[in-house]
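Now for the letters of each chain:
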Amino acid sequence: MPHGAGAHGRIQHPGEANETPIAYGPGAGGSAVTAGASSRVQWTKDVVVIGGCGHVGMPLAIAFADRGLRVGIYDICESAVKQVNAAQLPFDEPGAAEPLARAISAGTLVASTDPALVREAENVVVVIGTPVDEHLNPDPEAIPRALADCLQHFVDGQLMVLRSTVFPGVTALVERMVERLGRKIDVVFCPERIAEGRALIELVSLPQIVGAASRSGAMRAERLFRLLTHEIIHLQPKEAELAKLFTNAWRYIKFATANQFFLIANDCGLDFERIRVAIIHDYPRAADLPAAGFAAGPCLFKDTMQLAAFNDNNFTLGHSAMLINEGLPLYLVNRLEQRYDLASLCVGILGMSFKAGSDDTRSSLSYKLRRVLQFRAGRVLCTDPYVRSDTTLLPLPTVLAQADLLVIATPHPQYADLRTDKPVVDVWNLRDQGVRV
Ligand SMILES: NC(=O)c1ccc[n+]([C@@H]2O[C@H](COP(=O)([O-])OP(=O)(O)OC[C@H]3O[C@@H](n4cnc5c(N)ncnc54)[C@H](O)[C@@H]3O)[C@@H](O)[C@H]2O)c1
């Protein structure tokens, strides 16, 4: 059953859930799909994803195409568009290559740099990047600015789904933009909550939060996402915007808590991992205490900062989490300096992506570690089995041979049974030899 947290936290069951499901895809009433559209329009696509060549848009487009929908991608990145149309993923995502190849050869997925594609589909999902700037300020105008380039191509009767993580209030801002243009378009906010590397599993297993101000927007978004997942949770747009930021800030603060515990234990000469294992063993109330490690990537830090900015920079927990998580590479280097004559040593950094098993280096703390070590160590060599975008990286055997000291910065499974006689810093306890530094 669909449900949503009502105004007073109770569960709602929208009556419309029993409406006849709308058909999508090639067989859906010839080429016309009129799922809730106010005017009958000949849609040649069911969904267009703006920013659909990215880490979130690509899996979503593939998942919809895999469900039989006719999907278009509009993206400004020419090289990625070419790759997608040649059935190549622009980045690694497990399980995505096969359905992408199927969709491209069936003609159900096509990518383009032409914004006019937007007018082809009843449902338009917007999932472009929303980074904070170099001063850590979120940019509430990022989505409106990106939309300004293609808004002229929107037509009456469409459903616009904002899916990027946005500064609270952006959905209302976009609704006003659409109104000013005189278009009759439902605007909703449906946050993406997948983790990279698990996108295609989680798109069809996680509940979908739908933030809509209008009943018709809520029901149309529910129908669309019901094609992917079984559970829909209805909120108001601003509630949904905050829900997404709370989700990421919560995770970021949890990692910071573990990292601070690690610092406390390590500073008094104890192994945090031994203590953590003791805490969580058969003790459900602490089962979610994570291990220590670099908490990085394009989302957690940035969304914690968005939330802080939204709350006039009154977010003590969030700011503390940032100091702890971002400070971990510096702490490690300081500890190494206490134990070794770092300036005369060659340090090998193992793992440059922001998380295990990924080729994504965005906001990876491995690069912060590299920068600090380049300043304070004799030499720094880096390696990663997944990352192809950084031509300075070396093969693992070269790094193992030349480095005096190794730091596992990303817990890639390949490093778990690393054979080396060099000292290894492993705050993740990947090698099961403790985390003391
Ligand atoms: N990466 C994640 O794991 C994750 C998870 C949940 C939510 N999010 C959120 O999803 C959003 C997208 O993140 P991402 O990691 O996919 O970013 P990304 O940078 O990988 O992808 C963004 C895509 O949008 C395209 N683009 C940028 N501006 C455009 C424009 N004006 N018109 C059309 N295309 C444009 C880019 O070329 C790129 O292909 C962000 O708001 C992010 O916070 C990300």
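A.B. asks: Mind showing me how you'd approach the overall build of the protein here?
C.D. replies: Within the protein, the regular secondary structure consists of 13 helices and 14 strands. The C-alpha atoms of the protein give 24 Å as radius of gyration, which agrees with the globular expectation for 437 residues (22 Å, within 12%). By its C-alpha atoms, the protein is 75 × 50 × 40 Å across when sized along the principal axes. Going through the 437 residues of the protein one by one, you find that 44% of them count as buried. Pairs at least 24 apart in sequence give 70% of the contacts found in the protein among residues at least 6 apart.

A.B. asks: Any chance you could explain the environment of Arg339 here in plain terms?
C.D. replies: Its place among the elements puts Arg339 in helix H11 (residues 316-339). Each C-alpha atom, one on Arg339 and one on His153, is 62 Å from the other, the two residues being 186 residues apart in sequence.

A.B. asks: Is there a simple way to think about the nonpolar core in this case?
C.D. replies: If you look at soluble globular proteins, the nonpolar side chains tend to sit buried side by side. Grouped together as the largest cluster of nonpolar side chains are 64 residues, with contacts concentrated most on Val49, Ile50, Ala61, Val126, Val161, Val188 and Ala221. Among the elements that take part in this core, helix H1 (residues 57-66) stands out by supplying seven residues, more than any other. Residue contacts for Ile50: discarding those within four places in its chain leaves Tyr74, Val118, Val124, Val125, Val126, Val127, Ile128 and Cys150. In terms of nonpolar packing, the next biggest core, distinct from the first, is built from 54 residues, Cys382, Leu406, Trp428 and Val437 among them.

A.B. asks: So what exactly am I meant to see when it comes to the sheet that holds strand E8 (residues 186-189) here?
C.D. replies: Pairing in this open sheet of eight strands is mixed, and the strands run E5-E4-E3-E6-E7-E8-E9-E10 from one edge to the other. Both outer strands of the open sheet, strand E5 (109-112) and strand E10 (232-235), are each paired with one neighbouring strand and no more. Neighbouring strand axes in the sheet, compared pairwise and without regard to direction, differ in orientation by 25° on average. Note: strand E9 (residues 208-212) against E10, four bridges, orientation parallel. Its bridge partner lying in E10, Val210 is registered against His234. Strands in contact with helix H7 (residues 215-226) are strand E6 (121-126), strand E7 (159-162), E8, E9 and E10; relative to E9, the strand with the most contacts, it is inclined by about 160°. Across the face of the sheet, helix H8 (residues 237-267) comes into contact with E8, E9 and E10 while running at roughly 140° to E9.

A.B. asks: Explanation requested: the domain arrangement of the protein in the structure shown.
C.D. replies: Accessible area lost when the parts come together is the quantity often used to give the size of an interface. When the domains of the protein are assigned, the result is domain 1 (4-235) and domain 2 (244-425). Relative placement of domain 1 and domain 2: their C-alpha centres are 34 Å apart. Counting residues at the interface gives 15 residues for domain 1, matched by 14 residues for domain 2. Broken down by class, the residue content of the side of domain 1 that touches domain 2 amounts to eight nonpolar, four polar and three charged.

A.B. asks: Before we go on, may I ask you to explain H1 in this structure?
C.D. replies: For H1, a buried count of 10 out of 10 residues is recorded, marking the element as mostly surrounded by other parts of the structure. Regarding H1, the residues found buried are Gly57, Met58, Pro59, Leu60, Ala61, Ile62, Ala63, Phe64, Ala65 and Asp66. Packed against the buried residues of H1 are strand E3 (45-50), strand E4 (71-74), helix H3 (97-106), E5, E6 and helix H6 (199-202).

A.B. asks: I would appreciate a short explanation of the site of the ligand in the present structure.
C.D. replies: For the ligand, the set of nearby residues contains 25 residues, the closest of which are Gly51, Gly54, Cys77, Ala146 and Ser164. Split by residue class, the shell around the ligand holds 13 nonpolar, eight polar and four charged.

A.B. asks: Whenever I open this one, the environment of Gln402 confuses me. Can you help?
C.D. replies: Looking at the element boundaries, Gln402 is found in helix H13 (residues 396-402). A sequence separation of 22 residues divides Gln402 from Val424, and the C-alpha atoms of the two residues are 14 Å apart.

A.B. asks: Could you clarify how one ought to interpret the sheet that holds strand E11 (residues 346-350) in this entry?
C.D. replies: Hydrogen bonding along the main chain pairs the strands of a sheet, whether they run parallel or antiparallel. Taken together, the four strands give an open sheet; going across it, the order is E12-E11-E13-E14, and neighbouring strands pair in parallel fashion. At either margin of the open sheet sits one strand with a lone partner, and together these are strand E12 (379-383) and strand E14 (424-425). Alignment of strand E13 (residues 405-408) against E14, held across two bridges, turns out to be parallel. Residue pairing across strands places Leu406 opposite Val424, the latter belonging to E14.

Basis of the calculations
Residues numbered from 1 in each chain as written. Predicted model: local features only at pLDDT ≥ 70, side-chain atom pairs only at ≥ 80, totals over all residues. Helix = DSSP H or I, 4+ residues; strand = E, 2+ residues; numbered from the N terminus. Rg over C-alpha atoms; globule rule 2.2 N^0.38 Å. Buried ≥ 20, exposed ≤ 12 C-beta atoms within 10 Å, placed from the backbone. Contact = placed C-beta atoms within 7 Å. Core = buried A, V, L, I, M, F, W, Y, C linked by C-beta atoms within 7 Å. Pairing = 2+ DSSP bridges. Axes fitted to C-alpha atoms, helices over the stretch in contact; angles between N-to-C directions. Domains from an automatic or database assignment. Nonpolar A, V, L, I, M, F, W, Y, C, P; charged D, E, K, R; others polar. Near = placed C-beta within 6 Å.

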